[in-house]
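The lines below spell out each chain.
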Amino acid sequence: DILPVNNKIKVLDISMCETLIEFAIGNLPALEEIKTSDKNIKLKTIGINTHSILMNKIKKLDFSNLPKLYYLRFDGRNKTDILESINLSNCPELSHLILHNTNLKSITINENNNIKFMQIDNNNLDESQLKNVIGSLVNDGKNKDRSLYINGNPGITNQVKEKCDELSDWKVTY
């Protein structure tokens, strides 16, 4: 465990940490970038918490090179964090995705049969982005114990609600 306090780290490079399985951070007020690579082949869990101290300089996250990523959580602070985009396009193992209370406007994600829990509430996702995310969710009748939370996004329209209502495998909150 690394517990830095009041430091000025702008870039956190974990790209050479080949045996890293879990990664959690907070208290990095100057952090602007987290670097990962395909060498992080064992990384399954990422937690980023911005509640405890102002940490709102991360504008984008790219975890597309983490195919074993199973759990990702980014806890923002009441939409004041500037996180605008995240790329999870090559994360086929992703099961739990929690991104809330950010300025998030874009999520890149492929169709994923493993997602069981997605909480992308209180962000700034528009109608198009919400439709894309909903379209990436598997609805095959094989797993009826899935949850999706999209409440608190400006793009919740009647069309988005209709797409959500088509997700018979999902418990949806909008």
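Position numbers for residues start from 1 in each chain and track the written sequence from start to end. Only residues with pLDDT of at least 70 are given local features in this predicted model, and only at 80 or more are side-chain atom pairs given and counted; all residues enter the totals for whole chains, interfaces and linings. Hydrogens and waters are ignored; side-chain quantities use all the structure's heavy atoms.

The subject of this paragraph is the overall build of the protein. Think of it this way: any DSSP run of H or I at least four residues long counts as a helix, any run of E at least two long counts as a strand, and we number them from the N terminus. In terms of regular secondary structure, the protein is built from 2 helices and 12 strands. If one aligns the C-alpha atoms of the protein with their principal axes, the spans along those axes are about 45 × 30 × 20 Å. Looking at the 174 residues of the protein, the share that counts as buried comes to 43%. The long-range share in the protein, meaning contacts at least 24 apart out of those at least 6 apart in sequence, stands at 51%. Surface exposure here means Shrake-Rupley accessible area, sampled with a 1.4 Å probe, where a residue is shielded only by the protein chains that are shown. Carbon together with sulfur atoms contributes 46% to the accessible area of the protein, which is approximately 8,800 Å² in total. In this tally, Asp and Glu contribute negative charge and Lys and Arg positive charge; neither His nor the terminal groups of the chain are included. The atoms used to mark charge sites are NZ of Lys, CZ of Arg, CG of Asp and CD of Glu. Within the protein, the 22 negative side-chain charges are centred at a point lying 3 Å from the centre of the 22 positive side-chain charges. Burial classes follow relative accessibility: with a 1.4 Å probe on protein chains only, a residue under 20% of its type's maximum area counts as buried, one over 50% as exposed, and anything between as partly exposed. Whether two residues touch is decided by their heavy atoms; if any such pair falls within 4.5 Å, the residues are in contact.

What the 7 strands build is an open sheet, ordered 2-4-6-8-10-11-12; its pairing is parallel. Each edge of the sheet is formed by a strand with only one pairing partner; in this case those strands are strand 2 (22-25) and strand 12 (170-173). Mean inter-strand twist for the sheet, computed between neighbouring axes without regard to direction, equals 10 degrees. Should DSSP find at least two bridges between two strands, the strands are regarded as paired. Bridge count for strand 11 (residues 146-149) against strand 12 is 4 bridges, and the pairing is parallel. Opposite Arg146, over in strand 12, you have Trp170 as the bridge partner. Helix axes are fitted only over the stretch in contact, all axes being lines through C-alpha atoms; the angle between N-to-C directions runs from 0 to 180 degrees.

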